[in-house]
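Structural features, examined
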Amino acid sequence: MKKITLLMVWVACSCLTLQAQPGKGIRWSRDGQSVLKAVPEGITAYPLSGKQAEVKIPAARYTPDGATRPLKIKDFYFSADEKKVLLYTNTRKVWRYETRGDYWVLDVASGKLKQLGKGKPEASLMFAKLSPDGRKAAYVSEHNIYVEDLETGAIKALTTDGTRRFINGTFDWAYEEEFGCRDGFRWSPDGNSIAYWQIDATKIRDFLMINNTDSIYSFNVPVEYPVAGERPSACRVGVADIQSAKTTWLQVPGDQQQHYIPRMEWIPGKNELIIQQLNRKQNHSKVMICDAANGKARTLYEESDSAWIDVKSRWDDDNIAGWDFIRNGKSFIWVSEQDGWRHLYNITLDGKATLLTPGNYDVISIAKIDEANNVIYFLASPQNPTQQYLYRVPLSGGKAERITPADEAGTHDYKISPYGAWAVHEFSNAATYPVSENLQLPAHVSSTGEVKAALKKSAANKDRVEYFEVTTEDGISLNGWMRKPANFDPAKKYPIVFYVYGEPGSATTLDMVMAGRNFLYKGDMAQDGYVYVSMDNRGTPLPRGRNWRKSVYRKVGVLNARDQAMGAKALMKKYSFIDPARTAVWGWSGGGSMTLNLMFQYPEIYKTGIAIAAVGNQLTYDNIYQERYMGLPEENREDFVKGSPITYAGNLQGNLLYIHGTGDDNVHYQNAEMLLNELIKYNKQFQFMAYPNRTHGISEGEGTYEHLSTLYTNYLQTHCAPGGR
């Protein structure tokens, strides 16, 4: 389940390829020297050198005829020759992201502005992109794919059978949520055809959510949602000819309802596609090359894992699109954990694999493949798993060289320009709020020095978060951070609050902004006298090797909960200022599930818990996520039962606040009602809050955040009283 992170909520409250979903990444100028942004004045180029910004396209030029204001631009995409620009506006959310809206095309030279998809419903277009020659545009509307001639305005349907449950060119709920798949079609290099996914969810049962608030009569909100143990939606990939609208289907072997195809791209300069196929357990991966003309497929490369195999979204900035080809499409860069660490490999189109990043460390993600300068930039942190730095290796492989300066401890990210000369450098650590600067590579030289200045300023901050390692009685070393109370007196005993997540979706102990800060607490926990702590257990995606991450396989809810509990036990033994009578734990989503498991399985340790949007029963959650980490219920159902909080609800002894949104399409409200019934059966007294028609983030509706924050804070202060004693 996708974690609601501290940083996500904090931010919410306070040249990318055309394949990616709108709104992601940086728009680079054609020469790679500037960042392009849509501002009130127009689309403006901001040179990374610090020179004066220049308005490239004034906003007046994308003001439709008869309108008094320019279009409100959500995103924009230039054609390869920068003669046309695609404008995305009037957007709507599709579950998580605003991937549906209106698209306009502006001819830069003539000033002609044209809306795409005339006659289609308002804000119904998705993932529009220009053809390689810039003469056509393709898009999805209402589950079908269309191609529009930009000169004549003629619109041709490439598919006509699309429905809510028979989906062309995009994906169902589970593919979108768990693989990051949204944009589901690709122009061929020659512009003569389009390859696309087709998802058949007609055999998948709908989960029916109930909307009780938007009309006098309630109504169902159906979601095609295969739970653990149910076969996934059938998936196949076809190639539609633009002229004839005829589709040739790729002959990918296997039962379409027992496999996944999370990745598909064209091989540069060829009439061939490359795809990744995963079996249903997601522990066997095949990379196949498919002939677009006849659909024939051959396996190029395959690997297996005794646990699971991650897909590209895990190690490429949550972006499933694109394929990292080099040498004019003769080989590509791949990521694998086959030697026990997450490493980069070069794989040729005859299937030969060469390790490029040898050593006992993990590649966190790829930052840039700079073929012109014969290097790969990537993020890693071999010495400290809570931090992140820029490294590089030769394209042929070798020893990693650190690029980030040694005196900039924390979490770094780099958006590197198309030609590798510049980067937008973003930085924060637990004591330093996010700061951004432009710098030159590979020297890592900033003309303005924002990061250095921010570090110098934060060095004087006495209210610092402390990082620690603690070893449990099982011999497991856990990373963690701790924020002590203000005016700390080691002779006193203080209440401790643990923030938890603990599943493969995310880590909580990263040295970055919001570490040690509780976004839900109404006030200052340190000033009020709380010790605030978070630890990462085995199974979280820290760069500590494959065994660390995958030891949780078939043990989610058991092994990770024990690590957290034994870590808390070791911490309280180590620090005499922790009051064992005032021990609280809280979390959201997977962290809500962890909170429930800790309260129920280790009631002697945790006295108060606040669980938000928790999976109470693993058998209710979607199959892609749950089966990836737990196996198939028909083979090992007992593992799902052992890992589910509902199994242990009768053990509750402490104070529990349980919170859920009734409109949660991710972790369904069903989880709350199942768990409530179990707690009622055992006469367990607790406090429960349902937020009507709110989704997984519980963010909708006037006053919602204020109410949630007040409820959270009052409950914590009442049942885990603040202050030293």
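Counting restarts for each chain: residues are numbered from 1 in the order of the written sequence. Given that the model is predicted, a residue must reach a pLDDT of at least 70 before its local features are reported, and side-chain atom pairs must reach 80 or more before they are shown or counted; all residues, however, enter totals for whole chains, interfaces and linings. Processing note: side-chain calculations cover all non-hydrogen atoms of the structure and skip hydrogens and water entirely.

1. Some points on the sheet that holds strand 4 (residues 54-58)
We treat two strands as partners when DSSP finds at least two bridges between them. Helix and strand assignments come from DSSP, with helices taken as H or I runs of at least 4 residues and strands as E runs of at least 2, each series counted from the N terminus. A sheet is described by the order of its strands in space; here 4 strands give the open sequence 1-2-3-4, paired in antiparallel fashion. Pairing within the sheet leaves two strands with one partner each, and these edge strands are strand 1 (27-28) and strand 4. Where strand 3 (residues 42-47) meets strand 4, 4 bridges bridge the pair, whose relative direction is antiparallel. Bridge pairing in strand 4 places Gly42 opposite Pro58.

2. Details of the UniProt feature "domain: Peptidase S9 prolyl oligopeptidase catalytic" (unreviewed entry) in the protein
With numbering matched to this structure, UniProt assigns "domain: Peptidase S9 prolyl oligopeptidase catalytic" (unreviewed entry) to residues 525-712. Across residues 525-712 one finds 40% helix and 18% strand; the C-alpha atoms that close the span lie 12 Å apart. UniProt positions are given in the numbering used here, feature names are shortened, and annotations may be inferred rather than shown by experiment.

3. Some words on the pattern of salt bridges
Any carboxyl oxygen of Asp or Glu within 4 Å of a side-chain nitrogen of Lys or Arg constitutes a salt bridge here. Counting across every chain of the model gives 37 salt bridges. Note that Lys129 is salt-bridged to Asp183, the shortest N-O span being 2.8 Å. Taken together, the residues span a long stretch of sequence, with Lys129 in strand 9 (residues 125-130) and Asp183 in the loop between helix 2 (173-179) and strand 14 (185-187) at a distance of 54 residues. Ionic pairing is found between Glu706 and Lys522, a salt bridge with its closest N-O pair at 2.3 Å. Here Glu706 is found in helix 12 (residues 704-719), whereas its partner Lys522 is found in the loop between strand 38 (494-499) and helix 5 (525-528), with 184 residues between them in sequence. Each of Asp305, Glu337, Asp362, Arg546, Arg549 and Lys550 takes part in salt bridges that share partners, so that together they form one network.

4. Examining the sheet that holds strand 42 (residues 655-661)
Strand order in the open sheet formed by 8 strands is 36-37-39-38-40-41-42-43, with mixed pairing between adjacent strands. Two strands lie at the open edges of the sheet, namely strand 36 (466-471) and strand 43 (687-691), each paired on one side alone. Taking each pair of neighbouring strands and ignoring which way they run, the sheet shows an average axis angle of 20°. Pairing geometry for strand 41 (residues 608-612) and strand 42, over 5 bridges, is parallel. Across the sheet, Ala611 pairs through a bridge with Tyr658, a residue of strand 42. Here a residue-residue contact requires only that any non-hydrogen atoms of the pair lie within 4.5 Å. To obtain each axis, a line is fitted to C-alpha atoms, and for helices this fit is confined to the stretch in contact; angles are then taken between N-to-C directions over 0 to 180 degrees. On the sheet, helix 8 (residues 590-601) packs against strand 40 (578-588), strand 41 and strand 42 and is oriented at approximately 145° with respect to strand 40.

5. Describing the packing of helix 7 (residues 559-574) against helix 8
Where helix 7 meets helix 8, the axes come as close as 10 Å, and the angle between the chain directions of the two elements is 65°. Our classification of the angle between helix 7 and helix 8 gives roughly perpendicular. In the packing of helix 7 onto helix 8, the handedness of the crossing is right-handed. Along the contact surface, helix 7 presents Asn560, Ala561, Gln564 and Ala565, while helix 8 presents Met594, Asn597 and Leu598. The residue classification treats Ala, Val, Leu, Ile, Met, Phe, Trp, Tyr, Cys and Pro as nonpolar and Asp, Glu, Lys and Arg as charged. All others, Gly included, are polar. Class assignment for the residues of the contact of helix 7 with helix 8 results in 4 nonpolar, 3 polar and no charged. Any angle from 65 to 115 degrees is called roughly perpendicular, while one under 35 is roughly parallel, one over 145 is roughly antiparallel, and all others are oblique. By convention the crossing between two helices is left-handed if the near helix lies anticlockwise of the far one by an angle smaller than a right angle, and right-handed if it lies clockwise.

6. Here's the deal with the packing of aromatic side chains
Centre distance and the angle of the planes are the two values used to describe a pair of aromatic rings. Pairing of aromatic rings covers Phe, Tyr and Trp, the last through its six-membered ring, and needs centres within 6.5 Å; plane angles under 30 degrees mean stacked, over 60 mean edge-to-face, and all others mean tilted. Scanning the model with the defined rule gives 33 aromatic pairs in all. With a centroid separation of 4.6 Å and an interplanar angle of 25°, the aromatic rings of Tyr88 and Tyr103 are classed as stacked. Remark: Tyr103 occurs in strand 7 (residues 97-107) and Tyr88 occurs in strand 6 (residues 84-94); sequence separation between them is 15 residues. We note that Tyr88, like Tyr103, is buried. Ring geometry for Tyr658 and Phe688: centres 5.7 Å apart, planes at 50°, overall tilted. Here Tyr658, found in strand 42, pairs with Phe688, found in strand 43; they are 30 residues apart in sequence, far enough to count as distant. Taken together through their ring pairs, the aromatic side chains of Phe171, Tyr175, Phe179, Trp197 and Tyr260 make up a single cluster. The criterion is that NZ of a Lys, or CZ of an Arg, lies within 6 Å of the ring centre and within 35 degrees of the ring normal, and then a charge sits over that ring. Arg236 extends its terminal NZ or CZ atom over the ring of Trp249, reaching a point 3.6 Å from the ring centre. Note on classification: 1.4 Å probe, protein chains only; a residue is buried when its accessible area is under 20% of the maximum for its type, exposed when over 50%, partly exposed between these limits.

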